[in-house]
Structures are given as structure tokens and as C-alpha cells.
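Commentary on secondary and tertiary structure
One letter stands for each residue in the lines below.
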Amino acid sequence: AYFCFFTKAFCGPCKRMHEEGVVKSLEDAGYRVRTVDVDHEPHPSVDTAPQVWLCDAAGMPIRRFVGYHTADQILTPFSCDGVCLLEANGIRCSGVAIGDGLILTVAHHDQKEGFFVNFPNSFGSREYARVSAELIKLDRSPDLCVLRYRLPKLVTVRPYEISGSPASAIEATGYLGGDIPKRL
């Protein structure tokens, strides 16, 4: 993960963040920081400055800080709820973190890749962390699948235990025909 700091030449809050050493503090914490002057290098998703994005290795924003923020605010770990919003090719549905990097959701029969997960810091919150996920297990009969995700060290997710089984077992009950339980 790395940070991208979007700034503008005549932006007061941007200058203040520079003067207070926000970029240096992020670098001192072990992060690479890319500074982008959007007056000279416009970005389609940035219309105001300052903005600081925590990005994954592919450049996808995981968290966005819009407006003035101190380094301490940016480096404060973000705790998320395990109930999440999943997106894949325009389809949106819910899922739940069930253990170390695992999400249980309904089966996405034709979707094998391109999953993105939005973890809110609390149910209904507009503040969230967004990461990619991959399909690791699919069972069509109970209509369930398991996805794997990875988080940067500044983000944690509170998982939910399912059926009293440890998350490592990847077991959950689903229903086929309304009343016939199946195990995944």
C-alpha cells in the first residue's frame, strides 16, 4: 500500500499539510507517497484538494481523506464492520466477513473475478475501506460462495462467527428450496 497526495498550487489547506510535514510523517511511517498537483496532472476522480488516498499496489483507492487532515488522522487505524457491500460488473450485493480474509456471500454463478468489497466503519456509514477480492469457493446448490480479500495494516475488519464453527473451516448453512439446509 502507498499514499497518493492530491494537491493544488494555490490551495491553502494543501500548503498547510506540506508545512506541517504530513508527507514526511507518512514516509517516516514506512509508506511511499506520490504527490500529484492536479492543476498540472488532472485526475478524473479528484475535483477538490487536498485529498490523500491510501492505495493498493494496483493504484486502487482503499481509503480517501478529503480536505485537510493531519498525519495522525491519516495514520489512525480504520476499524470496519464485517457486513460489507460487494460489487462486480455492475452487480451489487451484501456479504459478511467470516474470518481471516474471508467473506461469505450468495453465489455469483457467472462472476469469477472483478470483485470489490466496501467495508463500512459501522453499519450504514458512508466512510468505508474498499479492497479487491477473489473467488475461492463456490457451491451452487446452497447458493453460497467464499471470497478472499487482503487488507493493508491500517485497516481492520470485525468478522462474524457462523454456526459456531471456526472461520478456518469455511462452513455455513444455506437453504435450497426454502427448508433443506446445505453446508458449504
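Residues numbered from 1 in each chain as written. Predicted model: local features only at pLDDT ≥ 70, side-chain atom pairs only at ≥ 80, totals over all residues. Heavy atoms only, no water.

1. A closer look at the pattern of salt bridges
Within this structure, the stated rule accounts for seven salt bridges. The salt bridge partner of Arg63 is Glu127, with a shortest N-O separation of 2.7 Å. Remark: Glu127 occurs in the loop between strand S9 (115-120) and strand S10 (128-139) and Arg63 occurs in strand S4 (residues 61-66); sequence separation between them is 64 residues. A relative accessible area of 7% means that Arg63 is categorised as buried. Its salt-bridge partner being Arg130, residue Glu87 comes within 2.6 Å of it at the nearest N-O pair. Of this pair, Glu87 sits in strand S6 (residues 83-88) while Arg130 is found in strand S10, placing the two residues 43 residues apart along the sequence. On the accessibility criterion, Glu87 (23% relative accessible area) is partly exposed. (Salt bridge = Lys/Arg side-chain N within 4 Å of Asp/Glu carboxyl O. Helix = DSSP H or I, 4+ residues; strand = E, 2+ residues; numbered from the N terminus. Buried < 20%, exposed > 50% of the residue type's maximum accessible area, 1.4 Å probe, protein only.)

2. Topic: the packing of aromatic side chains
Given two aromatic rings, one states the distance between the centres and the angle between the planes to describe the pair. Summed over all chains, the structure comprises three aromatic pairs. Aromatic side chains Phe119 and Tyr149 sit 5.0 Å apart centroid to centroid with 55° between the ring planes, which places their arrangement in the tilted category. Highlighted residues: Phe119 in strand S9 and Tyr149 in strand S11 (residues 144-149), separated in sequence by 30 residues. Of the two residues, Phe119 and Tyr149, neither departs from the other in class, the shared state being buried. When the ring centre of Trp53 is taken as origin, the NZ or CZ atom of Arg64, which lies over that ring, is 4.2 Å away. (Phe/Tyr/Trp six-rings, centres within 6.5 Å; stacked < 30°, edge-to-face > 60°. Lys NZ or Arg CZ within 6 Å of the ring centre and 35° of its normal.)

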